[in-house]
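Structural features, examined
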Amino acid sequence: MACANTSWSEENFSCSICLDVFNSPVTTTCGHNFCRTCITKFWDGQLKYKCPVCNKLFNTRPDLQVNTFLSELAAQIRTTVQVKEQPCVEPAEVPCDVCTGTQQKAVKSCLMCLISYCQTHLEPHQRVARLQKHRLVEPMDCLEDRMCKKHDRLLELFCQTEQVCVCLLCTVTDHKSHPVVPLKEEYEVKTAQLGKTVTDVPQKIKKRKQKIKEIKDTVELSNKDADREIAHGGQVFTALIGCVEKGRDEFNQTVQEKLKSTVKRAEDLIKELEQEIEDLTNRSSEVKRLSHTEDHLHFLQSFRSLKDPPPTRDWTTVEVRPPSYLGTLRRSLDQLEETLNMEMRKLSDAELKRVQQYEVDVTLDPDTAHPRLTLSEDGKQVHDGGVVKILLDNPKRFIEDICVLTRQSFSSGRFYFEVQVKDKTEWGLGVARESINRKGETEWTPETGYWTLDYDNDGLIFSDEPDVRLPLRAELQKVGVFVDYDEGLVYFYDVEARVHIYSATGCTFTEALYPILYPYLNIDNENSAPLIISPVNQTD
């Protein structure tokens, strides 16, 4: 309403509910006048319909009609009364629902009338005994949303089953068997949860910022690694290209020299033959000329002076053979292969040094060991003890395959370990997934969950379907195993020779991986040496 003083005339044309000049005034059958909006809202909050002034009860809700005469007079009053307006409501405050002019700030909201009142329009609730029974609360917006749509009662309870606000009647109907608590009690629980959230969120934000930094640092490190690898690879390939070009030039030179030697021999023989032809032609001419003379004296004297025929070679065995290039290209490629092998050894050495940085400390798990196996106290060695021990049944234990897993498993990242195989005639080692069959015999392949290197009388083998047979390395004493879980890689190395043995690429890992050792049977003390998990010696 307008923030202004009222005159006597204005008071006589004011609604007794909003205390403002009538707006669409209506008259009840008892003769009292109200704004249509005010009386409508008033009756909406009542169980029985009665006049706010004289308290007369009506059997049914009266059908109100606008009092035209009073409406015209009220309009004249509005035009004649000077109202001093002033802004009374700040943006964050609740406005009075009754004020018709510039709205003032509400000081209370009535949960019975569902109306917010400024100090002026609150006066009837403080004066009228019946209105004093209404429940007043601090100013609230959208009061209708605080009422139960079904029972038209205040939402003052909380159903913990369906997590909704309910009224008192709801607890004996739709939510009869549900636990309910006062809104205040649930409010305290929820605010406590919010308080924890308020505490946790900054920590979560901090952790995520740290993760962003880790990712960015990883990307930066990856860029540096990529640049370094490209530079190193460029040097290696440049050197290899130089070797190839040098080998090509040397090969071409060898072929050209062989061809040049053959051509020179042919030219020398042709020159010698041409000289003999010339000498023979000259003698033939002399003989022919002498044979035509009839002077006996001259013939005999000339015959004595006739030169002996020039010595000639027996050309029947003389031949020019085309040069043989057989083996020339192979020898050049052998030399190139030697150079490549040397570069590969350098590469393997550098690669091994890098993967050794991912060394993990693993120990053997006795709960997985086959009953024939004997483990050292530190869990680093295993061999076939020759006797099947009687052990308690354990779902993790191998029953058929004579092998053992480590206690540690890996489900991401990279890891590396080394196993000494010195003095053993048979062995197997690598990694296996957690769900492998431990109670029966299984073909060891990547398909069944094994990525292993094996050595026996047949030589060195990567177990697959079919097996991959590898060149037998002399005096293989220690094997390094490197796994990149995320990239799906398993590499095997000859640690002492510092060379790469085999790579399993394109592997799919979907569960935890365990290092696995298979010392094989010890028969007649021929394979008694243990497999030993060894610490990495970076100076190797």
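Located above this text is the structure these notes cover.
First, a word on scope: everything that follows refers to the structure included in this document.

Criteria and thresholds
- Throughout, a residue's number is its position along its own chain's written sequence, starting from 1.
- In keeping with the predicted nature of the model, local features appear solely for residues at pLDDT of at least 70, side-chain atom pairs appear and are counted solely at 80 or more, and the whole-chain, interface and lining totals rest on all residues.
- To get the side-chain values, all heavy atoms of the structure are used, and hydrogens and water are removed first.
- Strand pairing is assigned whenever DSSP identifies at least 2 bridges connecting the two strands.
- Strands here mean DSSP runs of E at least two residues long; helices mean DSSP runs of H or I at least four residues long; both are numbered from the N terminus.
- Aromatic rings from Phe, Tyr and Trp, taking only the six-membered ring of Trp, are treated as a pair when their centres fall within 6.5 Å; an angle between ring planes under 30 degrees marks them as stacked, one over 60 as edge-to-face, and anything in between as tilted.
- Burial status follows relative accessibility: with a 1.4 Å probe on protein chains alone, a residue under 20% of its type maximum counts as buried, one over 50% as exposed, and anything between as partly exposed.
- As a reminder, the over-ring test applies to NZ of lysine and CZ of arginine, requiring each to be within 6 Å of the ring centre and within 35 degrees of the ring normal.
- Cysteine sulfur atoms are paired as a disulfide whenever they fall within 2.5 Å.
- A helix is expected to reach a length of 1.5 Å times the quantity of its residues less one.
- A residue's bend is simply the angle between two axes: one fitted to the seven residues ending at it, one to the seven starting at it.
- What counts as an axis is a line fitted to C-alpha atoms, over the stretch in contact for a helix, and the angles between N-to-C directions run from 0 to 180 degrees.
- The labels follow the angle: roughly parallel below 35 degrees, roughly antiparallel above 145, roughly perpendicular from 65 to 115, and oblique for the rest.
- The sense of a crossing depends on the near helix, which, turned anticlockwise from the far helix by less than a right angle, makes the crossing left-handed and, turned clockwise, makes it right-handed.
- Should any heavy atoms of two residues lie within 4.5 Å, those residues are counted as being in contact.
- The classification used treats Ala, Val, Leu, Ile, Met, Phe, Trp, Tyr, Cys and Pro as nonpolar, Asp, Glu, Lys and Arg as charged, and all other residues, Gly among them, as polar.
- Here a salt bridge means any side-chain nitrogen of Lys or Arg lying within 4 Å of a carboxyl oxygen belonging to Asp or Glu.

As for the sheet that holds strand S15 (residues 427-433)
Here we have 6 strands laid out as an open sheet, ordered S13-S22-S15-S16-S17-S18, and antiparallel in their pairing. Strands at the two margins of the open sheet, each flanked by one partner only, are strand S13 (404-405) and strand S18 (468-470). Inspection of the sheet shows strand S17 (residues 459-462) paired to S18 by 3 bridges, in the antiparallel sense. The partner of Phe-462 across the bridge, within S18, is Val-468.

Regarding the packing of aromatic side chains
Counted under the stated rule, the structure contains 14 aromatic pairs. Between Trp-43 and Phe-58, the ring centres sit 6.1 Å apart and the planes meet at 75 degrees, which makes this aromatic pair edge-to-face. In this pair, Trp-43 sits in helix H2 (residues 36-44) while Phe-58 sits in strand S4 (residues 57-58), placing the two residues 15 residues apart along the sequence. Their ring planes at 50 degrees and their centres at 6.1 Å tell us that Phe-482 and Tyr-491 sit as a pair that is tilted. With respect to class, Phe-482 is no different from Tyr-491; both count as buried. By the ring-pair criterion, three or more aromatic residues cluster together here, those being Tyr-358, Phe-482, Tyr-491 and Tyr-493. Residue placement shows Arg-313 over the ring face of Trp-315; its charged tip is 4.9 Å from the ring centre.

Considering the state of the cysteines
By the definition in use, this model includes 0 disulfides. No disulfide involves Cys-113; its sulfur sits 3.5 Å from that of Cys-110, the nearest cysteine. Relative accessible area serves as the criterion here: at 5%, Cys-113 is assigned to the buried category. Looking at the unpaired Cys-507, the closest cysteine sulfur is the one in Cys-403, lying at 19 Å. A relative accessible area of 15% places Cys-507 in the buried class.

Observations concerning helix H6 (residues 183-291)
Look at H6: 153 Å from first C-alpha to last across 109 residues, which is about the 162 Å you get at 1.5 Å a residue. Of all bends in H6, the biggest is about 25 degrees, found at Asp-200, and the proline Pro-202 comes one to four residues later. Buried within H6 we find Glu-186, Gly-233, Leu-240, Gly-247, Val-255, Thr-262, Leu-269, Glu-276 and Leu-290.

Brief notes about the packing of H6 against helix H8 (residues 328-355)
Contact geometry of H6 with H8 gives a least axis separation of 9 Å together with a crossing angle of 165 degrees. Accordingly, the angle class assigned to the pair H6 and H8 is roughly antiparallel. Remark: the crossing between H6 and H8 carries right-handed chirality. Taking contact as the criterion, the partners of Glu-229, His-232, Val-236, Leu-240, Cys-243, Val-244, Gly-247, Glu-250, Phe-251, Thr-254, Val-255 and Lys-258 in H6 are, on H8, Thr-328, Leu-329, Arg-331, Ser-332, Gln-335, Leu-336, Thr-339, Leu-340, Glu-343, Leu-347 and Arg-354. Split by residue class, the contact of H6 with H8 holds 10 nonpolar, 7 polar and 6 charged.

Considerations on the sheet that holds strand S10 (residues 180-182)
Read across the sheet, 3 strands follow the order S9-S8-S10 without closing on themselves; strand pairing throughout is antiparallel. The open sheet has two edge strands with one neighbour each: strand S9 (164-166) and S10. This sheet shows a mean twist of 35 degrees between the axes of neighbouring strands, independent of strand direction. Examined bridge by bridge, strand S8 (residues 157-159) and S9 share 3 bridges and lie antiparallel to one another. Paired with Cys-159 across the two strands is Val-164, which belongs to S9. Most of the contacts of H6 go to S10, to which it runs at about 90 degrees, and overall it touches S8, S9 and S10.

Observations concerning the pattern of salt bridges
All chains considered together, the criterion is met by 25 salt bridges. Across the salt bridge formed by Glu-93 and Lys-105, the nearest N and O atoms sit 3.9 Å from each other. Separated by 12 residues along the polypeptide, Glu-93 in the loop between helix H3 (68-80) and strand S5 (108-110) and Lys-105 in the loop between H3 and S5 bring together distant segments of the chain. Residue classification places Glu-93 among the partly exposed positions, given a relative accessible area of 27%. The salt bridge involving Glu-319 is made with Arg-321; its shortest N-O contact spans 2.7 Å. The class for Glu-319 is partly exposed, based on a relative accessible area of 44%. Accessibility expressed as a relative area gives 63% for Arg-321, which makes it exposed.

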